[in-house]
Amino acid sequence: MEFPADEKMTEYVREFNRSQQKLFKGLEQLLRIKDVAVAPTPKEKVHGEDQMTLYHYLPKDGKARFKTPLMITYALVNRQYMMDLQADRSMISQLVDGGFDVYIIDWGYARPMDRYLTMEDYIDGYMNDCMDIIRERHGVDKVNMLGVCQGGTFSAIYASLYPQKVKNLVVMVAPIDFHTEDGLLNVWSQDMDIEKMVAVLGNIPGDFMNLGFLMLKPFTLVIDKYVGFAETMDQPASVENFLRMEKWIFDSPDQAGATICKFVNDMYKTNKLIKGEFELGGRKVDLANITMPLLNIYGLKDHLVPPSCSRPLTSAVGTKDAKALEFNLGHIGLYVSSKAQKELGPAVIHWLIERDGGESQVRRSARKKKSGS
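Quick caveat: nothing in here was measured; it's all calculated off a predicted structure.

> What should I look at first to understand the overall build of the protein chain in this one?
Each helix and strand counted, the protein chain has 16 helices and 12 strands in total. For the protein chain, with 373 residues in total, the buried portion stands at 51%. A separation of at least 24 residues holds for 80% of the contacts in the protein chain among residues at least 6 apart in sequence.

> Looking at this model, I keep getting lost on helix 3 (residues 119-138). Mind explaining?
In an α-helix there are 3.6 residues to a turn, and that puts residues three or four apart on one side. Helix length check: helix 3, at 20 residues, gives a terminal C-alpha distance of 27 Å against a target of 28 Å (1.5 Å per residue), a fit within 8%. Where helix 3 bends most, at asparagine 128, the angle is about 30 degrees. Those residues of helix 3 that fall on the buried side of the exposure criterion are Met119, Tyr122, Ile123, Asp124, Gly125, Tyr126, Met127, Asn128, Cys130, Met131 and Ile134.

> Hey, could you run me through the packing of helix 3 against helix 4 (residues 150-161) in this one?
For any two helices packed against each other, one specifies the crossing angle of their axes together with the interaxial distance. Helix 4 packs onto helix 3 with a crossing angle of 70 degrees between their chain directions and a minimal axis gap of 11 Å. Accordingly, the angle class assigned to the pair helix 3 and helix 4 is roughly perpendicular. Together, Met119, Tyr122, Ile123, Asp124, Met127, Asn128 and Met131 of helix 3 and Phe154, Ser155, Ile157, Tyr158 and Leu161 of helix 4 make up the contact between the two elements. Classifying every residue of the contact of helix 3 with helix 4 gives 9 nonpolar, 2 polar and 1 charged.

> Whenever I open this one, a nonpolar patch on the surface confuses me. Can you help?
A surface patch of nonpolar side chains, amounting to about 440 Å² of accessible area, comprises Leu184, Val187, Trp188, Leu211 and Met215. Residue assignment for the nonpolar patch shows that the elements contributing at least two residues are helix 5 (184-189) and helix 7 (206-216). When its relative accessible area of 36% is taken as the criterion, valine 187 is described as partly exposed.

> Sorry, what's going on with the nonpolar core here?
If you look at soluble globular proteins, the nonpolar side chains tend to sit buried side by side. One finds Ile72, Leu146, Ile157, Met172 and Ile297 to be the most contacted residues of the largest nonpolar core, which totals 103 residues. The leading source of residues in this core is helix 3, at 8 residues. If we ignore the near neighbours within four places in the chain, the residues touching isoleucine 157 are Met119, Ile123, Met267, Leu273, Phe278, Leu280 and Val285.

> What should I look at first to understand the pattern of salt bridges in this one?
Oppositely charged side chains can form a pair if their charged atoms are brought close together. If you walk through the whole model with that rule in mind, you get 14 salt bridges. In this structure, arginine 79 engages aspartate 106 in a salt bridge whose closest nitrogen and oxygen atoms are separated by 2.5 Å. Taken as a pair, arginine 79 in the loop between strand 3 (70-73) and strand 4 (84-86) and aspartate 106 in strand 6 (residues 102-106) lie far apart in primary sequence, 27 residues in all. Residues arginine 79 and aspartate 106 agree in their burial class; the two are buried. The salt bridge partner of lysine 165 is aspartate 132, with a shortest N-O separation of 2.9 Å. Separated by 33 residues along the polypeptide, lysine 165 in the loop between helix 4 and strand 8 (166-172) and aspartate 132 in helix 3 bring together distant segments of the chain.

> Whenever I open this one, the packing of aromatic side chains confuses me. Can you help?
The geometry of an aromatic ring pair comes down to the distance between the two centres and the angle between the two planes. According to the stated counting rule, one finds 10 aromatic pairs in the structure shown. Seen in terms of ring centroids, tyrosine 122 and tyrosine 126 are 5.7 Å apart; in terms of plane orientation they differ by 65 degrees. Their pairing is edge-to-face. Separated by 4 residues within a single helix, tyrosine 122 and tyrosine 126 lie in helix 3, roughly one turn from each other. For the pair tyrosine 122 and tyrosine 126, a shared accessibility class is recorded, and that class is buried. Seen in terms of ring centroids, phenylalanine 178 and tyrosine 268 are 4.7 Å apart; in terms of plane orientation they differ by 75 degrees. Their pairing is edge-to-face. Here phenylalanine 178, found in the loop between strand 8 and helix 5, pairs with tyrosine 268, found in helix 10 (residues 257-269); they are 90 residues apart in sequence, far enough to count as distant. An aromatic cluster is defined as three or more aromatic residues linked by ring pairs; in this entry it consists of Trp107, Tyr122, Tyr126, Phe154, Phe178, Phe263 and Tyr268. The ring of tyrosine 55 has lysine 43 sitting right over it, with the charged end atom 5.2 Å from the ring centre.

> Help me out: how do you make sense of helix 4 in this one?
Taking 1.5 Å of rise per residue, the 12 residues of helix 4 would be expected to cover 16 Å, and the 17 Å separating its terminal C-alpha atoms lies within 8% of that figure. With 12 of its 12 residues buried, helix 4 lies for the most part within the structure. Those residues of helix 4 that sit buried are Gln150, Gly151, Gly152, Thr153, Phe154, Ser155, Ala156, Ile157, Tyr158, Ala159, Ser160 and Leu161.

> Sorry if this is basic, but what is going on with the pairing of strand 1 (residues 43-49) here?
Every other side chain in a regular strand lies on the same face of the sheet, so the side chains alternate between the two faces. Pairing of strand 1 with strand 2 (residues 52-57) involves 6 bridges; the strand directions are antiparallel. Each residue of the ladder has a partner; that of glutamate 49, found in strand 2, is methionine 52. Connecting the antiparallel pair strand 1 and strand 2 is a turn made up of 2 residues, with aspartate 50 showing a positive phi of about 55 degrees.

> Would you take a moment to explain empty space enclosed by the protein for this structure?
Rolled over the atoms, a probe as big as a water molecule pinpoints where empty space is left. On inspection of all chains with the given rule, the structure shows 2 cavities of 30 Å³ or more. As a volume, the largest cavity reaches approximately 110 Å³. Leu76, Trp107, Gly108, Ala110 and Tyr122 are the residues nearest the centre of the largest cavity, which is lined by 16 residues in total. The residue makeup of the lining of the largest cavity, split by class, is 10 nonpolar, 3 polar and 3 charged. In this structure, the second largest cavity spans a volume of roughly 40 Å³. Lining of the second largest cavity is provided by Tyr74, Ala75, Leu76, Asn78, Arg79, Gln80, Asp106, Trp107, Gly108 and Pro253.

Rules used throughout
Position numbers for residues start from 1 in each chain and track the written sequence from start to end. Residue-level local features of this predicted model are given only where pLDDT is at least 70; pairs of side-chain atoms are given and counted only at 80 or more, and the full residue set underlies all totals for whole chains, interfaces and linings. Where side-chain values are given, they derive from all heavy atoms of the structure, hydrogens and water being excluded. Per the convention used, a helix needs a DSSP run of H or I reaching at least four residues, while a strand needs a run of E reaching at least two, with both numbered from the N terminus. Buried residues are those whose accessible area, probed at 1.4 Å on protein chains only, stays under 20% of the maximum for their type, while exposed residues exceed 50% and partly exposed ones sit between those limits. Here, residues are in contact when the closest pair of their heavy atoms is within 4.5 Å. Expected helix span is computed as 1.5 Å times (number of residues minus one). At any given residue, the bend is defined as the angle formed between two axes, one fitted to the seven residues that end at that position and one fitted to the seven that begin there. For helices, the axis comes from a line fit to the C-alpha atoms of the stretch in contact; other axes are also lines fit to C-alpha atoms, and the angle between any two N-to-C directions lies between 0 and 180 degrees. Any angle between 65 and 115 degrees counts as roughly perpendicular, while under 35 counts as roughly parallel, over 145 as roughly antiparallel, and the rest as oblique. Polar here means any residue other than Ala, Val, Leu, Ile, Met, Phe, Trp, Tyr, Cys and Pro, which are nonpolar, and Asp, Glu, Lys and Arg, which are charged; Gly is therefore polar. For patch detection, residues must exceed 30% relative accessible area and be free of salt bridges, and they are connected within 9 Å for like charges or within 5 Å for nonpolar side chains (Val, Leu, Ile, Met, Phe, Trp, Tyr). Per-residue and other accessible areas follow the Shrake-Rupley method at a 1.4 Å probe size, with only the shown protein chains counted as cover for residues. Throughout this description, the term salt bridge denotes a Lys or Arg side-chain nitrogen within 4 Å of a carboxyl oxygen of Asp or Glu. What makes a nonpolar core is a set of buried Ala, Val, Leu, Ile, Met, Phe, Trp, Tyr and Cys residues whose side-chain atoms join them at distances within 4.5 Å. Note on aromatic pairs: the rings of Phe, Tyr and Trp (six-membered ring only in Trp) are paired at centre separations within 6.5 Å, and the planes decide the class, stacked below 30 degrees, edge-to-face beyond 60, tilted for the rest. The rule for a charge over a ring is simple: NZ of Lys or CZ of Arg within 6 Å of the ring centre, and within 35 degrees of the ring normal. Strand pairing follows a simple DSSP-based rule, namely that at least 2 bridges must link the two strands. Residues are said to line a cavity or pocket when one of their atoms sits within 4 Å of a point; the points come from a 1 Å grid over protein atoms alone, cavities being sets where a 1.4 Å probe fits but cannot get out and pockets being open sets with protein on both sides within 12 Å along at least five of seven lines. Grid points are joined across faces, edges and corners, and a volume is the space filled by probe spheres set on the points.

Take it as geometry only, folks, not as evidence of what the structure does.
In structure tokens:
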């Protein structure tokens, strides 16, 4: 005769054995994987300058459908391959398949000597050089821009200073109004002595910044994540997906000292950009100079760049064609979630096509030859 206590103990032993088997199988998976591949979409290097590289993604049929190319500017922190993490989670692949010539800036890794690189170097220098190279390669006066996170802030500044070079502007989770109390990062930065940190460290280490980001949501980003991983670590595909994300999260370049000083002081501390007081290279940056169409995308669950930090751009620009697009997702979910794959990429593609529906000269010529006209 079995007693209830015996049944519970038997079930506990069974559960322990199942967990142990899952753990051993998961460890086998981890030992088997030497590295995980990221950024699968084929690309070519078209320009390099210092640590920065400009890549062009290769259209699958050899030619893009639309004449206006698209340049993507990612943040200086972390790496741009988040947008091309794997084949089934790649906004880059969606844009290329959608018919666009897509370029992306890879900022590389800041060296100790790069501590003196300024925001002028990044925006007036590297970004402007890349824009001119793309314009020349395609024989166009204007290029579409897509800026992500801090890269979105940079892109908004660039579009304000060089509106004659930008046809359409898309920004994703871009911080614009930094004086919000909805995000801990915005609050913490108010008391950050960034000059002292740069004086001691030169560049701000990527590992230091990563630790700060993790501390914004320690239970979710540190504890829950690894507990959740233990549940699926016996599944090879889940293990590889997890490792790709971990590889990206901890692949964090150091931040150039002079640039991060200006960014923290002029943005987080004094909020000069949205106030119309921010200057770059002695020129006042007026967001009202953004007269090209704007698509402003943000996540309602974003803890790094809360919606209140991104929303104000829509009403601050000078164009009447300004659209806000919000998703019930977090900062990273906008790129890797299944919802983003189904909705975000197609929405950006549709928005761009509506404003730049002209076919490329190459595609028009091919179509004419095929029809015999």
